[in-house]
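Now for the letters of each chain:
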Amino acid sequence: MSSFSPELLLSALKKKSSELPQYAHVPDIITRRSLGLKTPLGSTDTLISSIYNSFDVRQSCRSSTFDQYQGGIFNLEFNLDGRLLAAACEAKQVLLHDSGNQKRIKTIENAHLKCVNCIKFLNEKTFATGSDDTLIKLWDIRNLNNCLKTLHGHRSWVKNIEWSEQDQVMVTSAFDGTIYSWNLKENSENGMLFDKVFLMKGLMRMKLTPDSKKMIISTTSGYMIIIHDLNLLNLATDLRSFRPGLYRLMQKSHQAFPVVVSYNYLFSQKQKRNRIEFIDDFPNEAECISSLQIHPYGWCAVSRNINREIDEEWTAVHDIQERDAKEYEEAYEYVEECDISEENETSDDEELPNSRPTDLWMGNITLEEYMNDSTEWRPHQAEMAITNSGLIGMKASNEAYFKQHQHERNKLVKNLSRLTHYIKEKNVAKGFIKVLSFSPDGRVICSPYETGIRLLAFSRNCQELSECVPESARPLETILETNNYHRDVVVSCKFNPMHFQLVTGCLGSEIKWHQPVL
């Protein structure tokens, strides 16, 4: 009687599955494990790839003729254990679904005065919502008839809500350019205590890494900001008077403004907290970086941008990890100093009480006009205004600094190249932000793609980024593309943090559930 041969059995199984797609090796992997054989190199990638390649729609949830129309589904968020899904709606509603059976279990009518933009679960029982009405509301899933608290502070559309685990505070940002941290455990007579930790013009999105040690900010001016070694308690103090927009203007013009150059220390490796770094390498002439998500391990940031003419959209992946100190030390250039004339300044005797020097012309256009599909932006249409850059009248205060740091006077920090992957998107539904999503293992990015989605990976077999870091930026791999799965353009998507489950939402008040079909 011949002896049993596991390898012979595997050979037979392979013959039976020879007609399956190349990625479908799940029986092979399971059989090897049951026989106690070693897992072949790359088998995990093969298994993961086969799962993501087989994602398909399993359930559709849309408003019926008897339901109130919810408008666009602007944001989707699972709770921490993945059992509950919350949807932020254009028509001021918040929808709650059971992710197990995909049934809607609650509709919060008039959750806000205007459209709901973002949702964030803070713990197992509490979530927060942000809206165009400038308000943030806290909700308890055990009683959704009324919100727990309403937080006032922002003066424009609230677009991001984050939770800092290390500081135990909620961090929010809005189109007013402010970032607030909220201590939810303490109240004052006037309401919830909060601190304004950062302020800048052109702030678009703000995200924290999972360990809360970095803050990533996207802007409407074609660059992003990394704040390394984040310390929220001292952030406002450390970055007081720092103007990112002016520093970026120096970099683009290759001219040094002494008052701005004096903030070079914020970019230095010697800065042990709240160190600044800019990202400006994009595959296109990026202008408004409208969507931003962070890798679940904090390795990279994925963003979606549009150019100034609003006729192109791109998704880009940037490495946000610490680099070798030597790279930063060599990333600088010496440029010509810009001579700011002070001829417009008057003497102390002639100066009027409310007068102030104005020295920079700025072109202003509202975000609504910028994002409006019907508005064809042209430079001559922008509202022109003059502003005080802070460059005039501060010469004396900087001379003492440059006497001690003469080599810094014309020194300008250069931005490191951080782009790793990119892909061009379809330019549809202009004026609406398309929200990206990372899979919980960080191998796949879901990107809204017209009336469907694309699942994008760093390599064809869905390797982790750490295993396929490219020497130079290269296109993302499309491993799955769905078309016409929604009745309108998809603007939001979210992976379940615990299971192989994906949810997408469109402008047509429709939510679809996707999962593997093996």
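Computed from a predicted model, the values in this text were never measured in an experiment.

Within strand β27 (residues 419–425), five of the seven residues are buried, which leaves it mostly tucked inside the rest of the structure. Alignment of β27 against strand β31 (residues 474–475), held across two bridges, turns out to be parallel. Bridge pairing in β31 links Tyr422 to Pro475.

This brings us to the pattern of salt bridges. Within the structure shown, the criterion is met by 20 salt bridges. Two residues, Lys494 and Glu77, come together in a salt bridge whose shortest N-O distance is 3.8 Å. Taken together, the residues span a long stretch of sequence, with Lys494 in strand β33 (residues 490–495) and Glu77 in strand β2 (residues 73–78) at a distance of 417 residues. A residue is classified by how much of its surface remains accessible, and Glu77, at 12% relative accessible area, is buried. Glu510 is the salt-bridge partner of Lys512, the closest N and O atoms lying 3.9 Å from each other. Glu510 carries the same exposure label as Lys512, and that label is buried. Salt bridges sharing common partners tie together Arg304, Glu313, Glu425, Lys434 and Arg454.

What follows is about the packing of aromatic side chains. Following the criterion strictly, the structure yields 23 aromatic pairs and no others. A centroid spacing of 5.6 Å and a plane angle of 15° characterise the contact between Tyr52 and Phe55, whose relative ring orientation is stacked. Overall, the relative accessible area of 0% leaves Tyr52 in the buried class. An angle of 50° between the planes, with centres 6.2 Å apart, marks the rings of Trp314 and Tyr422 as tilted. Here Trp314 is found in strand β21 (residues 313–319), whereas its partner Tyr422 is found in strand β27, with 108 residues between them in sequence. An aromatic cluster is built from Tyr223, Phe242, Tyr247, Tyr263, Tyr265, Phe267 and Phe278, whose rings are joined through pairwise contacts. If you follow Arg275 out to its NZ or CZ, it ends over the ring of Tyr328, 4.7 Å from the centre. Positioned above the aromatic ring of Tyr332 is the side chain of Lys411, whose terminal nitrogen or guanidinium carbon lies 4.3 Å from the ring centre.

Within the sequence span of helix α5 (residues 244–253), burial applies to Pro244, Leu246, Tyr247, Arg248, Met250 and Gln251. The positive-phi residue at the C-terminal boundary of α5 is His254, with phi of around 55°.

Moving on: unusual backbone geometry. Phi at Asn110 is positive, roughly 50°, even though this residue is not glycine. Look at Asn110 and you get exposed, because its relative accessible area is 53%. One non-glycine residue with positive phi stands out, namely Asp229, at about 50°. Along the chain, Asp229 turns up in the loop between β16 (224–228) and α4 (232–238). Judged by its relative accessible area of 36%, Asp229 is partly exposed.

Attention now moves to the sheet that holds β16. If you walk across this open sheet you meet the four strands as β14-β15-β16-β18, and the pairing is antiparallel. Edge strands, defined here as strands with exactly one partner in the open sheet, are β14 (203–208) and β18 (275–279). This sheet shows a mean twist of 20° between the axes of neighbouring strands, independent of strand direction. Strand direction decides the pairing type here: β14 and strand β15 (residues 215–219), joined by five bridges, are antiparallel. Pairing of Arg205 across the sheet is with Ser218, part of β15.

How each quantity is defined
Residues numbered from 1 in each chain as written. Predicted model: local features only at pLDDT ≥ 70, side-chain atom pairs only at ≥ 80, totals over all residues. Heavy atoms only, no water. Buried < 20%, exposed > 50% of the residue type's maximum accessible area, 1.4 Å probe, protein only. Helix = DSSP H or I, 4+ residues; strand = E, 2+ residues; numbered from the N terminus. Pairing = 2+ DSSP bridges. Salt bridge = Lys/Arg side-chain N within 4 Å of Asp/Glu carboxyl O. Phe/Tyr/Trp six-rings, centres within 6.5 Å; stacked < 30°, edge-to-face > 60°. Lys NZ or Arg CZ within 6 Å of the ring centre and 35° of its normal. Axes fitted to C-alpha atoms, helices over the stretch in contact; angles between N-to-C directions.

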